[in-house]
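If you want the building blocks of each chain, they are given just below.
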Amino acid sequence: MWRIPKAWTRRYGKSRLDSSKPEIWRYANRMRLSGQVAIVTGGARGIGKAISQSLSVEGAHLVITDVNLSEAQQTANELASGTRRSLALEANVTEGKAVADMVDRTLQEFGRIDVLVNNAGITRDGLLLRMKEEDWDLVMNVNLKGAFHCTKSVLATMSKQRRGRIVNIASIVGVMGNAGQANYAASKAALIGFTKSVAREYASRGITANAVAPGFIDTAMTQNLTPEVREGLMKQIPLGRLGVPQDIANAVRFLVSEEAGYITGQVIHVNGGMLMV
Ligand code: NAI
């Protein structure tokens, strides 16, 4: 059961805390991830930042890992509050050694890992005939191999704990395809296959693995869409708007909670109804 931390009693005084107990209990009960440790890759901005914020509000300690350390640090500073800690660590998910070091640092700091969100992802769009091999490789390396490195690095710890939650951020495009995004669509479709395999392999250790497949979400990644493309997209979205990062964070927050303990190997589509499967 959650108790009022001694540090709060010292800071605010017992009588003041007693008089506001109902509010404190309400607040404490909302924190479904109290004491848990979550790693979010690409957590510095966009969807990853919204996910980090949501998990932090639920009481988790956050490791925000990104290629962009200064932005990750800024996000970590915004999150740190009360007893929750947040740590920014630089790691390029394409590099196995960098990922292993990041996971080691996490364990040194927090001693456990409860949640991994494989969110880091990039696009290098182009029609297939003109697509450069390096753009194919880069997208595959970040979006797919990155999840392989990160997942592999946390599995031993989660297995020992007999508990873990892995959420991979896929894409609507990985299910329906998209002209000009063959590399991206292939990486996200493969990520879904990867998710299902991890789910089957590690269910017996109490680890769940699921994917969230966002539709079109208003972030830096989609900021280059022309007004015409945006208008065309809007016509295909029954709910009549692009998504916002918080829409995705809400689904992730549910999947890592206790309530989602019987859900594994699934793809949760968050796309305003653009694709119904
Ligand atoms: P974003 O570009 O705003 O943020 C991506 C973050 O990942 C950045 O902080 C970036 O520095 C980091 N990153 C990039 N390469 C990295 C690497 N090699 N190692 C570590 N970190 C790296 O993108 P956004 O929109 O927030 O996307 C997040 C995830 O959601 C991606 O996996 C993306 O494919 C997926 N997604 C986004 C959609 C959208 O409409 N924005 C739609 C469907 C999926």
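Residues numbered from 1 in each chain as written. Predicted model: local features only at pLDDT ≥ 70, side-chain atom pairs only at ≥ 80, totals over all residues.

K.L.:
Lay out the overall build of the protein chain with the relevant residues and their values.
P.N.:
In terms of helices and strands, the protein chain carries 11 helices and 7 strands. Over its C-alpha trace the protein chain gives a radius of gyration of 19 Å, about what one expects of a compact globule, namely 19 Å for 277 residues. C-alpha atoms of the protein chain, sized along the principal axes, occupy 70 × 40 × 40 Å. Relative to its 277 residues, the protein chain shows a buried fraction of 40%. Within the protein chain, contacts between residues separated by at least 24 positions form 72% of all contacts whose residues are at least 6 apart in sequence. (Helix = DSSP H or I, 4+ residues; strand = E, 2+ residues; numbered from the N terminus. Rg over C-alpha atoms; globule rule 2.2 N^0.38 Å. Buried ≥ 20, exposed ≤ 12 C-beta atoms within 10 Å, placed from the backbone. Contact = placed C-beta atoms within 7 Å.)

K.L.:
Run through the pairing of strand 4 (residues 115-118), naming residues and quoting values.
P.N.:
Burial along strand 4 is two-sided: V115 and V117 and L116 and N118, pointing in opposite directions, are all buried. Strand direction decides the pairing type here: strand 4 and strand 5 (residues 164-169), joined by 4 bridges, are parallel. Looking at the pairing, V115 lines up with R165 of strand 5. In this fold, strand 4 hands off to helix 7 (residues 133-161), which returns the chain to strand 5; that crossover is right-handed. (Pairing = 2+ DSSP bridges. Right-handed = clockwise from strand over helix to strand, strands pointing away.)

K.L.:
Summarise the site of the ligand; cite the residues concerned and give the values.
P.N.:
Neighbouring the ligand are 28 residues; G42, G46, G121, T219 and M221 lie closest to it. Only helix 4 (46-57) and helix 7 provide two or more residues apiece to the shell around the ligand. Ranked by residue count, the leading element in the shell around the ligand is helix 4, at 3 residues. (Near = placed C-beta within 6 Å.)

K.L.:
A description of the sheet that holds strand 1 (residues 37-41) should follow, citing residues and the corresponding values.
P.N.:
Across the sheet, 7 strands lie side by side as 3-2-1-4-5-6-7; this open sheet has parallel pairing. One side of each edge strand has no neighbouring strand; the edge strands of this open sheet are strand 3 (86-90) and strand 7 (267-270). Shown here is a sheet whose adjacent strand axes are inclined to one another by a mean of 20°, direction ignored. In this structure, strand 5 lies alongside strand 6 (residues 207-214), joined through 6 bridges in parallel fashion. Of the residues in strand 6, the one forming a bridge with R165 is T208. Against the sheet, helix 4 touches strand 1, strand 2 (61-66), strand 3, strand 4, strand 5 and strand 6, its axis set at about 170° to strand 1. (Axes fitted to C-alpha atoms, helices over the stretch in contact; angles between N-to-C directions.)

K.L.:
Tell me what's going on with the packing of helix 6 (residues 96-110) against helix 7, and back it up with residues and numbers.
P.N.:
In contact at an axis separation of 9 Å, helix 6 and helix 7 are set at 35° when each is read in the N-to-C sense. The way helix 6 lies across helix 7 gives a crossing that is right-handed. Packed against helix 6, whose contacting residues are G96, V99, A100, V103 and L107, the element helix 7 presents H149, C150, S153, V154 and T157 at the interface. Residues of the contact of helix 6 with helix 7, tallied by class, amount to 6 nonpolar, 4 polar and no charged. (Left-handed = near helix turned anticlockwise from the far one by under 90°. Nonpolar A, V, L, I, M, F, W, Y, C, P; charged D, E, K, R; others polar.)

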